[in-house]
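Structural overview for review
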Amino acid sequence: MGIFSKLFGSKQTQKTDIDDKSNLESSLMQTTDLKNDFDIICKEIIIPFFKEFGFKRKTLHFARQVNDITQCFNVQKSKWNSYNDSVTFTFNFGFYNADITSIVAENFTQNDFPKTYECFIQNRLGIFSHNRDHWYTLSKNIDLKNTATEIKNDLDKYLKPIFDNYNSLETLKILIEKDEKYISPTLSPYYLIAFYMLTNEKEKGQKTIIEHYQNAIKPQTVTDTIVFPDGTRQEKVRRSINQHYIDSIKKLAEKYDVEL
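I will try to describe carefully the structure that is included in this document. (Residues numbered from 1 in each chain as written. Predicted model: local features only at pLDDT ≥ 70, side-chain atom pairs only at ≥ 80, totals over all residues. Heavy atoms only, no water.)

**Quick notes on the layout of surface pockets**
Applicable threshold: The distinction between a cavity and a pocket rests on a 1 Å grid over the protein atoms alone: a 1.4 Å probe fits inside a cavity but cannot get out, while a pocket stays open yet meets protein on both sides within 12 Å along at least five of seven lines, and a residue with an atom within 4 Å of a point counts as lining. Grid points are joined across faces, edges and corners, and a volume is the space filled by probe spheres set on the points. Here a strand is any run of E in DSSP of at least two residues, a helix any run of H or I of at least four, and the numbering for each starts at the N terminus.
Computed from the structure, the second largest pocket encloses a volume of approximately 230 Å³. Taken together, Ile103, Val104, Glu106, Tyr190, His244, Asp247, Ser248, Lys251, Leu252 and Lys255 make up the lining of the second largest pocket. Of all elements in the fold, only α4 (98-104) and α11 (243-255) reach the threshold of two or more residues within the lining of the second largest pocket. In terms of residue count, the dominant contributor to the lining of the second largest pocket is α11 (six residues).

**Regarding the nonpolar core**
Note the cut-off: Definition used in this section: a nonpolar core is a set of buried Ala, Val, Leu, Ile, Met, Phe, Trp, Tyr and Cys residues joined via side-chain atoms within 4.5 Å. Exposure classes here rest on a 1.4 Å probe applied to the protein chains alone. A residue is buried below 20% of its type maximum, exposed above 50%, and partly exposed in between. Only heavy atoms matter for contacts: two residues are in contact if any of them lie within 4.5 Å across the pair.
Ranked by size, the top nonpolar core spans 58 residues in total, and within it Ile46, Phe73, Phe89, Phe91, Phe95, Phe120 and Leu172 carry the most contacts. In this view, Leu172 contacts Ile69, Phe95, Phe120, Ile121, Tyr166 and Phe195; residues no more than four positions away in its chain are not counted. Judged by nonpolar contacts, the second largest core, of six residues, contains Ala63, Cys72, Ala98 and Phe113.

**What about the packing of aromatic side chains?**
To keep it simple, the criterion reads: When the centres of two rings from Phe, Tyr and Trp lie within 6.5 Å, Trp using its six-membered ring, the rings pair. Their planes under 30 degrees apart give stacked, over 60 give edge-to-face, and anything left gives tilted.
The full count for this structure, using the stated rule, is 19 aromatic pairs. Look at Phe38 and Phe89: their rings are 5.2 Å apart centre to centre, the planes differ by 75°, and that puts the pair in the edge-to-face class. On the criterion of sequence distance, the pair formed by Phe38 in helix α3 (residues 34-52) and Phe89 in strand β4 (residues 86-96) is long-range, its members being 51 residues apart. On the basis of relative accessibility, which here comes to 3%, the residue Phe38 falls in the buried class.

**Some remarks on α11**
Where we set the bar: Expected helix span is taken as 1.5 Å per residue step, with the number of steps being one fewer than the number of residues. For this quantity, the arc is that covered by the directions from the helix axis to the C-beta atoms. Here a polar contact is taken to be a pair of N or O atoms separated by no more than 3.5 Å, where protein atoms must pair a possible hydrogen donor with a possible acceptor and residues adjacent in sequence count only if both atoms sit in side chains.
Over its 13 residues, α11 runs 18 Å from end to end, which matches the ideal 18 Å to within 8%, given 1.5 Å per residue. Along α11, the positions that sit buried rather than exposed are Tyr245, Ile246, Ser248, Ile249, Leu252 and Ala253. Buried residues of α11 fall within an arc of 165° about the axis and therefore sit on the same side. Projecting away from the buried face of α11 at angles above 90 degrees are the exposed residues Lys251 and Glu254. Capping the start of α11, Asn242 holds a side-chain oxygen 3.1 Å from the backbone nitrogen of His244, two or three residues further along.

**As for the pattern of salt bridges**
The following threshold applies: When a carboxyl oxygen of Asp or Glu is within 4 Å of a side-chain nitrogen of Lys or Arg, the pair counts as a salt bridge.
Using the criterion set out here, one finds eight salt bridges in the structure. The partner of Lys160 in a salt bridge is Asp164, and the shortest N-O contact between them spans 2.7 Å. Pair noted here: Lys160 and Asp164 are both in helix α6 (residues 144-165), with a separation of four residues, about one helical turn. By relative accessible area, Lys160 is classed as partly exposed at 29%. Measuring nitrogen to oxygen at the nearest pair gives 3.4 Å for the salt bridge that ties Lys204 to Glu201. Lys204 gets classed as partly exposed once you look at its relative accessible area, which sits at 32%. Glu201 gets classed as buried once you look at its relative accessible area, which sits at 15%. Overlapping salt bridges bring together Glu177, Glu201 and Lys204 as one network.

**Brief notes about unusual backbone geometry**
A positive phi is found at Thr59, a non-glycine position, where the angle reads about 50°. Located in the positive-phi region is Asp257, a residue other than glycine, with phi close to 55°.

**Thoughts on the packing of helix α9 (residues 189-198) against helix α10 (residues 202-216)**
Going by this rule: Axis lines are fitted to C-alpha atoms, over the contacting stretch for helices. Their N-to-C directions set the angle, which ranges from 0 to 180 degrees. The labels follow the angle: roughly parallel below 35 degrees, roughly antiparallel above 145, roughly perpendicular from 65 to 115, and oblique for the rest. For a crossing to be left-handed, the near helix must be turned anticlockwise from the far one by less than a right angle; the clockwise case is right-handed. Charged means Asp, Glu, Lys or Arg here, nonpolar means Ala, Val, Leu, Ile, Met, Phe, Trp, Tyr, Cys or Pro, and polar covers whatever is left, Gly included.
Two elements in contact, α9 and α10, have axes separated by 7 Å at closest approach and are oriented at 155°. Classed by the angle they form, the pair α9 and α10 counts as roughly antiparallel. Relative to α10, the crossing made by α9 is left-handed. Residues Pro189, Leu192, Ile193, Tyr196 and Met197 of α9 pack against Lys202, Lys204, Gly205, Gln206, Thr208, Ile209 and His212 of α10. Per-class residue counts for the contact of α9 with α10 are six nonpolar, four polar and two charged.

Now the structure itself:
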């Protein structure tokens, strides 16, 4: 039985199937085409995983509507990939809700297939599977089977439980509270406020509005660096406030009748 048969539990009922899989394994062992290796990973592991659980696909973006949210995932390839020496890529996932986006976005349009970067909660899978921003690598010096096994394990062991456990706005309350150190840095205050208000946690929402307004009106230290043609550098330190930050918080305060 070939390596991909073992990974995916494929049933072999005909000799032709066995021969085909044996040929596939042989080609995997001999390939030096990294683009082909990447395509195999997508075809044999990533796409079947999401197809099994009812996700729709557009290229390497995946989305599934469950209850009042859309679960999203995408494969992000490094912009430095050359396909000559190595190919690196990472996994992003997120949760989208049209009502939350409509509150925050200035020009909202209905989106039936949101992308990960449009989600109000978004993160890298590696933060959960490897405790860091993890990128997978394909190269001539790395056994393709090892990378395939790692990816299959990370999708099954880490991503599937996340999507199984957090399938509504109500359950996402638990994610935000439980994994605050992972989620909060990627969850903007505007999305967080809208989330609290839509999930009937108005006291938290009001408190968040006041806290962020007080933070927004404090001048922040900004350092501007000028590099001259001769290589010398000059730094200028100034104090400023982010007016957009202030205006956005004030807009939400007005919407929810919060006195600042």
